[in-house]
Each structure stands twice: as structure tokens, then as C-alpha cells.
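One-letter residues, chain by chain:
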2 protein chains.
Amino acid sequence: MAPANAAVKIPVEMPVVEKRVRNRAATEQAILDAAKRLLAEEGFQNFGINAVARGAGCDKQLIYRYYGGLNGLVEAIGTDLGSWVTDRIPDDTGGMFLLTYGDLMERLSMLFLDALRADPLMRRIVAWEVSENSEQVRRLSEARSKALAGWIERMRGSLVPPKGVDAQAVNAMIFAAIQHIVLAAAVSDQCAGLVLKNGKDWEKAATALKRIVRGVYG
Amino acid sequence: MAPANAAVKIPVEMPVVEKRVRNRAATEQAILDAAKRLLAEEGFQNFGINAVARGAGCDKQLIYRYYGGLNGLVEAIGTDLGSWVTDRIPDDTGGMFLLTYGDLMERLSMLFLDALRADPLMRRIVAWEVSENSEQVRRLSEARSKALAGWIERMRGSLVPPKGVDAQAVNAMIFAAIQHIVLAAAVSDQCAGLVLKNGKDWEKAATALKRIVRGVYG
DNA sequence: CTTGTTATTCACCGCTCGGTGACAGATTGG
DNA sequence: CCAATCTGTCACCGAGCGGTGAATAACAAG
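Just so it is clear, the model here is predicted, and its values are computed rather than measured. (Residues numbered from 1 in each chain as written. Chains lettered and ligands numbered in written order. Predicted model: local features only at pLDDT ≥ 70, side-chain atom pairs only at ≥ 80, totals over all residues. Heavy atoms only, no water.)

A. Highlighting the overall build of chain A. Each helix and strand counted, chain A has nine helices and two strands in total. N-terminal to C-terminal, the α/β element order of chain A is α-α-α-α-α-α-α-α-β-β-α. On C-alpha atoms alone, chain A measures out to a radius of gyration of 23 Å, which is more than a quarter above the 17 Å that the 2.2 N^0.38 rule sets for 218 residues. Projected onto its principal axes, the C-alpha coordinates of chain A cover approximately 80 × 35 × 35 Å. A burial count over chain A gives 47% of its 218 residues as buried. Accessible surface computed for chain A: about 11,600 Å², of which carbon and sulfur atoms make up 52%. Of the charged side chains in chain A, 28 are positive and 25 negative, and the gap between their average positions amounts to 2 Å. (Helix = DSSP H or I, 4+ residues; strand = E, 2+ residues; numbered from the N terminus. Rg over C-alpha atoms; globule rule 2.2 N^0.38 Å. Buried < 20%, exposed > 50% of the residue type's maximum accessible area, 1.4 Å probe, protein only. Areas by Shrake-Rupley, 256 points an atom, 1.4 Å probe, with all protein chains shown as cover. Lys, Arg positive; Asp, Glu negative; His and termini not counted. Charge placed at Lys NZ, Arg CZ, Asp CG, Glu CD.)

B. Region of the structure containing the pattern of salt bridges. Taken as a whole, this structure holds 24 salt bridges over all chains when the rule is applied. When the shortest N-O distance is used, the salt bridge between A:Glu135 and A:Arg138 registers 2.9 Å. You can see A:Glu135 and its partner A:Arg138 sitting in helix α7 (residues 135–156), three residues apart, about one turn around the helix. With a relative accessible area of 38%, A:Glu135 lands in the partly exposed category. For B:Lys36, the salt bridge is made with B:Asp80, and the minimal N-O distance between the two is 2.7 Å. Residue B:Lys36 is located in helix α1 (residues 24–42), and its partner B:Asp80 is located in helix α4 (residues 70–88); the two are separated by 44 residues in the primary sequence. In this structure B:Asp80 comes out as partly exposed when scored by relative accessible area, which is 31%. Overlapping salt bridges, with partners in common, bring together A:Glu75, A:Glu135, A:Arg138 and A:Arg139 in one network. (Salt bridge = Lys/Arg side-chain N within 4 Å of Asp/Glu carboxyl O.)

C. Structural view of the environment of A:Leu121. Along the chain, A:Leu121 turns up in helix α6 (residues 120–129). Considered as a pair, A:Leu121 and A:Thr207 are 86 residues apart in the sequence and their alpha carbons are 26 Å apart.

D. Summary view of the UniProt feature "domain: HTH tetR-type" (unreviewed entry) in chain A. Per the UniProt entry, the sites bearing "domain: HTH tetR-type" (unreviewed entry) are residues 25–85 of chain A in this numbering. Between the C-alpha atoms that bound residues 25–85 of chain A there is a distance of 25 Å. The span itself is 82% helix and 0% strand. (UniProt positions renumbered as here; feature names shortened; annotations may be inferred.)

E. Seen up close, the protein's contact with DNA strand D. Near DNA strand D lie 21 residues; those nearest to it are A:Arg22, A:Thr27, A:Arg65, B:Asn50 and B:Lys60. If you look at DNA strand D and keep only atoms within 4 Å of the protein, 49% of those are sugar or phosphate atoms. Contact distances for DNA strand D include 3.5 Å between a phosphate oxygen and a backbone N or O atom of A:Val21. One of the side-chain nitrogen or oxygen atoms of B:Tyr64 is found 3.0 Å away from a phosphate oxygen of DNA strand D. Sorting the residues of the surface near DNA strand D by element identifies α1 (24–42) and α3 (60–67) of chain A together with α2 (49–56) and α3 (60–67) of chain B as the ones contributing at least two each. (Near = heavy atom within 4 Å. Polar contact = N/O pair within 3.5 Å; in protein donor to acceptor, adjacent residues only side chain to side chain.)

F. A look at the relation of the copies chain B and chain A. Note on the identical chains: chain B maps onto chain A by a rotation of 180 degrees and an axial translation of 0.0 Å, with an RMSD of 0.0 Å. Both copies are brought into coincidence by an operation consistent with a two-fold rotation axis. Residue by residue, 98% of the interface of chain B is reproduced at the interface of chain A, so both copies engage with the same surface. (Least-squares fit on C-alpha atoms with pLDDT ≥ 70 in both. Contact = heavy atoms within 4.5 Å.)

G. Fine view of the UniProt feature "DNA-binding region" (unreviewed entry) in chain A. When the UniProt feature table is mapped onto this chain numbering, "DNA-binding region" (unreviewed entry) sits at residues 48–67 of chain A. Along residues 48–67 of chain A the backbone is 80% helical and 0% strand, and the end-to-end C-alpha distance reaches 13 Å.

H. Quick look at the domain arrangement of chain A. All names here are of chain A. The domain architecture assigned to chain A consists of domain 1 (19–68) and domain 2 (81–217). Here the C-alpha centroids of domain 1 and domain 2 sit 30 Å apart. At the junction of the two partners, domain 1 supplies eight residues and domain 2 supplies eight residues. Across the domain 1 to domain 2 interface the summed buried area is about 650 Å²; carbon plus sulfur atoms make up 78%. (Domains from an automatic or database assignment. Buried area = accessible area lost by both parts, 1.4 Å probe.)

I. Layout of the protein's contact with DNA strand C. Near DNA strand C, the surroundings consist of 20 residues, among which A:Arg22, A:Asn50, A:Lys60, B:Arg22 and B:Arg65 are the closest. Here a phosphate oxygen of DNA strand C and a side-chain polar atom of A:Arg54 are 3.3 Å apart. Between a base oxygen of DNA strand C and a side-chain N or O atom of B:Arg22, the distance comes to 2.4 Å. Among the elements that line the surface near DNA strand C, the one with the most residues is α3(B), at four residues. Here the residues of the surface near DNA strand C are counted per class, giving six nonpolar, six polar and eight charged. (Nonpolar A, V, L, I, M, F, W, Y, C, P; charged D, E, K, R; others polar.)

J. View of the environment of A:Leu104. All names here are of chain A. With respect to the element layout, leucine 104 can be found in helix α5 (residues 101–118). A sequence separation of 56 residues divides leucine 104 from valine 160, and the C-alpha atoms of the two residues are 9.8 Å apart. Contacts of leucine 104, omitting those with residues within four sequence positions, involve Leu98, Met155, Arg156 and Leu159.

Below is the structure:
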């Protein structure tokens, strides 16, 4: 156990606190968790080595050792992110029969809207993506869009968009709308004059979104 | 001219540079210009007192004196912003006859898309809006949305949206889509898998946007 | 010329940042 | 037992930040 004669060097106070166990794996996880938590809660603005180390309760040196600095840590977050879509968004049709491409896109829009609303980390990353163009952000962005594209492809099945519609461009618009409206709401509870506070407000937004989807895809 | 006996105090090098004239109004303008330029070119990340002072070529103390600090300076930018819409976006119908609400919204979408694409400062501010919720940003955001709403109201004339459509919610979606797609493109030349580099790419985006508008409003 | 007033600069403060080298304690292997 | 290795801590660096008090240079009025 703890040898009592270790008191030789103790300067003034007895550290009664539980000593951190020596466990690299656990520490790595703590760092990664702290990074994700910090990014989700505080945003990318004050995201730095010192803040993460503080949040993880360890020395920043360990971040350099285990992740090779902030870049490596962000990359680890990106890797984790790959499982976001599969974790947070259902992969089946929810018991519905998606008969048309319009059915599909309506459901995808709703799922994505809800998932993004529920995930602060993802929101912060999206905000980061449109605010900066660093190497870090590119990595995150790539991981995110790759996972998302895979999810859509999986859900699409054999459904094809109607002829005469540039589905890629239209869908980009729809997803852009969702992302921006969720970001704006998360910050200021409104977007372009539309209040987005309670569930009723979001119902209206969802209805409008569905109307847009149906307007294009029928 | 410059008195030669002034060399008494010169430490080592002769400042050949043109001496700044004493002119408060000009200095204030230089500060404001530097702030806008800096925000537009570098973004809100490295936007601070020191950077602005450097950019304006004066001491930061003057920013405190003339604007009461960064907050006041940002507020001044916001005031300036009020004239953005009226400056950058035409107020008439461009010679077209807007017969229906759909006509109106299609034209508004195109005008707003082009205007935002052409204005880096505005883009940075929008990105700022979805990234932070400080007092500064709120002020800017308010000024922007107010000007925008006024512009729309002016253009609307007597046209009314079709019954059975929540125009406010739908329009919020449309404007959200435009803002996000322009921001994303400005940073990474793409959005949700859709490449947005040259004019042809933007043509596709514009077409998709028009299709969405027409799908809802006919 | 003197005396204020105004515009502008300078020097300095405390703080946080990212980054690094050296060290201490635990664990493992011979 | 000693030596090497691994985990974790600490102290320190230079740089940049926001912010402030005091000095300085130009101009105006008397």
C-alpha cells in the first residue's frame, strides 16, 4: 500500500485525493472524451491544448505523447465521428414503406433534422466547417460527409430520383437548409425571422421542409 | 520643411515615411475600413483590437478612444451594414413583371444568392452568427436581419403567398439553404457532395433552387 | 511665445496560449 | 537487486492577447 514514510517529501498538505491510476488506455479515452465534450459544449473557438488538458484532468504533455498534438486529437475525433451516423440515425425505414424517391427524401430530411438537433458536437463541427479552412477542419469535414453519404446510399436502396430533376443539387440545397436552420436555432433560437424555440415551432419548420421536398419530388 | 536639427532625438534610423496627418475623421474611417477588411478577409477568428490597430496603421488606444473598444467598433460595422442590402441588392424588379408570389421568391432567391456570393464580409458575419452567441454577434445579426426583412418587404409589394403554405417557414428554409450553401462553398468549394467551383456549378445550384421555389409556390 | 486642447504614440501590465525539456514515480525485465 | 521503460507532472519559454496610464507631437487661441 501507500508507504507512510513517503511523508518525507510532502511539503505542507497531505493529498488525500485518490491517486490517478497509471493507465494509458484510460487516459487516452479521458482525453478524447474531454475533447469531444469541450468541442460540443464550448465550440471550436476556445478549443485548444490547454483547455483539453484541463478538461481531461491531466497534463497537456500527454496529449502530445498520445495523439501527437491537437491535430492528431482532432483526427481521432473524426475517426470516432464515422460511427455517428450509424449510431444516431436509424438505418431502416422505421417500418414505413418507402415507395417513391419523394418518400425517401422526406424521411431522410426528418431523420437528419432530428439527429442534428440532438447532437451538439455535430452542430459545432458543422459550424466549424463553414468558418475555417484549416487542415483539422478538412479532416473532420471529410469524415462527416463520407459517413453521411454512405448512410444516404444505404437508405436509398433501389429508388431513383425522377427524371428531369438534378437530385444531387436539390438534395444539397435541402441538407444545406437543414444544417443552417439547426445551427442558427442552436445559437439564437431563430432563423431568418422564424422563431425556433419550442416543439411547436419545430413542427412548423418540419412541415415546411416536407412541403419543399414534396414540391420537388412529388 | 523638416528641420535638420530635429536629428537630436532620432535614435538610429531616419523615418522617411510620410508622416500621418492629424485628422480624427480620417483615422476613424481608417479604423472602420481596416476592421471591415480584416473581418472579410481573415474572418472573425483572429479579429481583435491588436489586429485592427495593425491593419489601420495606428495605435489600438485610438480604437478605445473613438469607438469605445471592439464592441463599439463592431456596432459601427453593424450600422454600416444597414446599407448593405440597399447597396448590393437592386430594389426594383429588374424590368420583370412579378405576377405571382412564386415569381417574387424566385427573383429574391437569385438576388440574395448572388449578393451573398459577392460579399465576403457578409459571409463572414453569417458564419459568425452561427458560431457564437456574444453580444457583438447579436448586434450584427440584428442589423443584418432587419435590413434584409425590410428589403423583402419592399420587394413584396402587394403580392401574397398562396393559401395553405406557411410562407414564413418555407422562406426561412430557402434563405437558410442559400446561406449555408454559399458559406460552405466559400470555404471548401462544395456543399454536401455538390461541387461549387465554376459558374457552371453555380448554374446547377441556381436551377435547383428555382425548382425548389417553384415546387412550393408554383 | 505661452497655454491649453486634441490627436497620436509608447511603455508596460497580467494573462493565456502552444510548446518543450527535465524530472518523479510506478512497472517490468533481467 | 539494478536498470530500463512507461506514465504522468512540473517548471519554464517566447509570443500574443486585451487593456491602461502616461508621455509626446501637432495645432488653436490668447
